[in-house]
Amino acid sequence: MDFVIGLLRTQCGSDSIFVIVNIFSKMAHSIHCKKSNDASHIGKLFFQEIVRLQGIPKTITSDRDVNSASHPQTGSQTKVVNRTLSNLLHCICSNKKIVWNLALAQAEFAYNSSLHSSTRMSPFAVVYRRMPAYTIDLVTLPTGFHNSIATNNLANQHVDIFKQVQQCLAEVNDKYKVAADKHRHFKSFNIGDQFIVKMASTTEQTVVENEVEQIGLLNGVEDFYEGITVEIEEHMDSHVFVPLLRASISKWKNQGKRGVWIKLPIEFSNLVHHIVQEGFRYHHAEADYLMLVRWLPNTPDTLPVNASHRVGIGAFILNKKRQVLVVQEKSGGFKGTGVWKLPTGVVNEGEDICEAAVREVKEETGIDAEFMEILAFRQSHRSFFSKSDLFFVCMLRPNSFEIHKQDSEVEAAQWMEMEEYVNQPYNKEHKLFQYVAEICELKSQGGYVGFSAISTATDSDQNTYLYFNGSDFTKI
């Protein structure tokens, strides 16, 4: 059994063919289906179209997982049938390719009634012990009653045909074996002999070129660093996805690609195990997707690691009375300590530092403000799920003064005298907080210049900010 994938989508939604070939008779059955059909649906098709006609087979061999050199008895039979069916459908539907499913039965009939090179008989003749009736045979219908001579010899013909087929199959299998053995060297070893064994990983299966074209490839977008990004957009069962992934990896290796990124939405998490089995590793995860990555060449992995830093802000706001806006937190490490601190928060994804400072002040205190400068920043490590942390102390100018604290996070908020804020015992006992308080005090006295923000754009026309010392800007 095998699948032909990547065909034009028909009006009924089919874009693939489920192909089953009987190893003995070479009888082929083709069933149109969808690439997204899962294993349970394929199982139902197998029972409806195959089991009801021929019963349950003792064994089922998938050409997706078979190396014909190791199993010459299969000879990649379904792949031959796939090519033949494709040629027949192309001839029948050359002008109306989106209705190929309607011609599938005609193509199957043509294949099964044709002479097979292995058995030297048509599959119909092997199974039904006679050639099928064609349309032309119905032009003149038989009349009257007559006896069939073949009836008397039916039993003997049945035995003779099967013996003939078995002999032909044995001859073909011997040819496959002889061809395969040409590349093998039979050696005998004695106890104690030493030799080198080369182990091949089962996940690193090489896919030949014609199989890549037959299976199809995953849709990937190339980046500037010889990499490929694949975003899974529809549900696929693993038996459909894994061959696609293997074929794609083989193609990308031949093209010299380096890194492969797979963005897997959370609703398709059924594929995580299978992607990892193909050599991928986790890179990062967000609320709605998982990113997996694999380095292809046999060189040191130079793929960038996951985002290493979290970014936070602290807002220094001074009113005209030289009072600083401070809060006491309702939760976290400062809960219940009585420490008055600057409003702080985390910069959201896609948010600029200057915008985050304005937002956090508004959320925690209700004060409208505008960004002025970055006064200082510090870096720390292993602070949040082993990530590093960047914290920017920003100065803002208030546009309103009436406080409306955020009840869910803030215990209290007020305007505090500058000297009282600086001289808090906690600041005196903790050097980092003392430095920040003294910088803020120096700025309030006009003796300190920070980094202003100027809006600009990247090469891709995305808005960004450049922070610089504004006092020296006229000299540039």
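Residues numbered from 1 in each chain as written. Predicted model: local features only at pLDDT ≥ 70, side-chain atom pairs only at ≥ 80, totals over all residues. Heavy atoms only, no water.

1. What to know about the overall build of the protein
Reasoning step 1: Each helix and strand in the protein was counted, giving 13 helices and 16 strands.
Reasoning step 2: The burial tally for the protein puts 39% of its 476 residues in the buried class.
Reasoning step 3: Expressed as a percentage of contacts within the protein between residues at least 6 apart in sequence, the contacts between residues at least 24 apart total 60%.
Reasoning step 4: When the accessible surface of the protein is split by element, carbon and sulfur atoms take 54% of a total near 29,200 Å². (Helix = DSSP H or I, 4+ residues; strand = E, 2+ residues; numbered from the N terminus. Buried < 20%, exposed > 50% of the residue type's maximum accessible area, 1.4 Å probe, protein only. Contact = heavy atoms within 4.5 Å. Areas by Shrake-Rupley, 256 points an atom, 1.4 Å probe, with all protein chains shown as cover.)

2. Here we look at empty space enclosed by the protein
Reasoning step 1: According to the stated counting rule, one finds one cavity of 30 Å³ or more in the structure shown.
Reasoning step 2: Looking at the largest cavity, its volume works out to about 30 Å³.
Reasoning step 3: Forming the boundary of the largest cavity are Phe3, Ile5, Ser16, Cys33, Lys34, Lys35, Asn37, Ile42, His239 and Val240.
Reasoning step 4: For the lining of the largest cavity, the elements supplying multiple residues, two or more each, are β1 (2-5) and α8 (238-254).
Reasoning step 5: Across the lining of the largest cavity, the residue classes break down as five nonpolar, three polar and two charged. (1 Å grid on protein atoms, 1.4 Å probe; cavity = no way out; pocket = protein on both sides within 12 Å on 5 of 7 lines; lining within 4 Å. Points joined across faces, edges and corners; volume = space filled by probe spheres on them. Nonpolar A, V, L, I, M, F, W, Y, C, P; charged D, E, K, R; others polar.)

3. A look at the environment of Val347
Reasoning step 1: Tracing the backbone through its elements, the reader meets Val347 in the loop between β11 (344-346) and α10 (353-365).
Reasoning step 2: Look past the residues within four positions of Val347 in its chain and what remains in contact with it is Val311, Gly312, Ile313, Asp352, Ala356 and Arg359.

4. Quick look at the environment of Tyr289
Reasoning step 1: Along the chain, Tyr289 falls in strand β8 (residues 289-295).
Reasoning step 2: Since its relative accessible area comes to 17%, Tyr289 is described here as buried.
Reasoning step 3: A sequence separation of 22 residues divides Tyr289 from Glu267, and the C-alpha atoms of the two residues are 8.3 Å apart.
Reasoning step 4: Reaching out from Tyr289, the side chain makes a polar contact with the side chain of His284 at a distance of 3.0 Å. (Polar contact = N/O pair within 3.5 Å; in protein donor to acceptor, adjacent residues only side chain to side chain.)

5. Some details on the layout of surface pockets
Reasoning step 1: Here the second largest pocket is characterised by a volume of approximately 630 Å³.
Reasoning step 2: Lys341, Thr344, Arg378, Phe391 and Phe433 are the residues nearest the centre of the second largest pocket, which is lined by 25 residues in total.
Reasoning step 3: For the lining of the second largest pocket, the elements supplying multiple residues, two or more each, are β9 (309-317), β11, β12 (369-384), β13 (387-398) and α13 (431-444).
Reasoning step 4: For the lining of the second largest pocket, the element with the most residues is α13, which contributes five residues.

6. With respect to the sheet that holds strand β6 (residues 259-265)
Backbone-to-backbone hydrogen bonds pair the strands of a sheet. The strands run either parallel or antiparallel.
Reasoning step 1: Overall, mixed pairing links the five strands, which are arranged β4-β5-β6-β8-β7 in an open sheet. The sheet is open, and its two edges are formed by β4 (220-222) and β7 (281-285), each paired on a single side. Strand-to-strand twist in this sheet, taken as the mean axis angle between neighbours without regard to direction, amounts to 25°.
Reasoning step 2: Two elements, β4 and strand β5 (residues 228-231), share three bridges in a ladder whose sense is antiparallel. Across the sheet, the residue bridging to Glu222 is Ile228, located in β5.
Reasoning step 3: Set on the sheet, α8 makes contact with β5, β6 and β8; between it and β6 the angle comes to about 150°. (Pairing = 2+ DSSP bridges. Axes fitted to C-alpha atoms, helices over the stretch in contact; angles between N-to-C directions.)

7. Focus: the packing of aromatic side chains
Reasoning step 1: Following the criterion strictly, the structure yields nine aromatic pairs and no others.
Reasoning step 2: Between Phe371 and Tyr467, the ring centres sit 6.1 Å apart and the planes meet at 80°, which makes this aromatic pair edge-to-face. Placement of Phe371 in strand β12 and of Tyr467 in strand β16 (residues 463-469) is noted, with a sequence separation of 96 residues between them.
Reasoning step 3: Note on Tyr467: relative accessible area 23%, which makes it partly exposed.
Reasoning step 4: A network of ring pairs unites the aromatic residues Phe109, Phe124 and Tyr128 as a single cluster.
Reasoning step 5: Looking at Lys263, its charged tip hangs above the ring of Tyr289, at a distance of 4.6 Å from the centre.
Reasoning step 6: When the ring centre of Phe334 is taken as reference, the NZ or CZ atom of Lys341 above it lies at 5.9 Å. (Phe/Tyr/Trp six-rings, centres within 6.5 Å; stacked < 30°, edge-to-face > 60°. Lys NZ or Arg CZ within 6 Å of the ring centre and 35° of its normal.)

8. Considering α13
Reasoning step 1: Taking 1.5 Å as the rise per residue, α13 with 14 residues should run 20 Å; its terminal C-alpha atoms sit 20 Å apart, in good agreement.
Reasoning step 2: For α13, the full list of buried residues reads Gln434, Ala437, Cys440, Lys443 and Ser444.
Reasoning step 3: Elements that come into contact with the buried residues of α13 comprise β9, β12, β13, α11 (418-422) and α12 (425-429). (Expected span 1.5 Å × (residues − 1).)

9. Focus: a negative patch on the surface
Reasoning step 1: Residues Glu267, Glu286, Asp288 and Glu349 make up a contiguous surface patch of negative charge.
Reasoning step 2: Structurally, Asp288 is set in the loop between β7 and β8. (Patch = residues over 30% accessible without salt bridge, like charges linked within 9 Å, V, L, I, M, F, W, Y side chains within 5 Å. Salt bridge = Lys/Arg side-chain N within 4 Å of Asp/Glu carboxyl O. Lys, Arg positive; Asp, Glu negative; His and termini not counted. Charge placed at Lys NZ, Arg CZ, Asp CG, Glu CD.)

10. A look at the state of the cysteines
Reasoning step 1: Scanning the model with the defined rule gives zero disulfides in all.
Reasoning step 2: In this structure Cys354 is a free cysteine whose sulfur lies 8.2 Å from that of Cys394, the closest cysteine sulfur available.
Reasoning step 3: Residue classification places Cys394 among the buried positions, given a relative accessible area of 0%. (Disulfide = S-S within 2.5 Å.)

11. Thoughts on unusual backbone geometry
Reasoning step 1: Located in the positive-phi region is Lys26, a residue other than glycine, with phi close to 70°.
Reasoning step 2: A relative accessible area of 4% places Lys26 in the buried class.
Reasoning step 3: With a phi angle near 60°, Glu226 is a residue other than glycine that sits in the positive phi range.
Reasoning step 4: Classification of Glu226 by relative accessible area gives partly exposed; the value is 40%.

12. Brief notes about the sheet that holds strand β2 (residues 16-21)
Reasoning step 1: Pairing is antiparallel across the open sheet formed by three strands, whose spatial order is β1-β2-β3. Edge positions in the sheet fall to β1 and β3 (28-33), since each has one partner strand and no second. Strand after strand, the sheet turns through a mean of 25° between neighbouring axes, direction not considered.
Reasoning step 2: The pairing of β2 with β3 spans six bridges and is antiparallel. Within the sheet, the bridge partner assigned to Ile20 lies in β3 and is His29.

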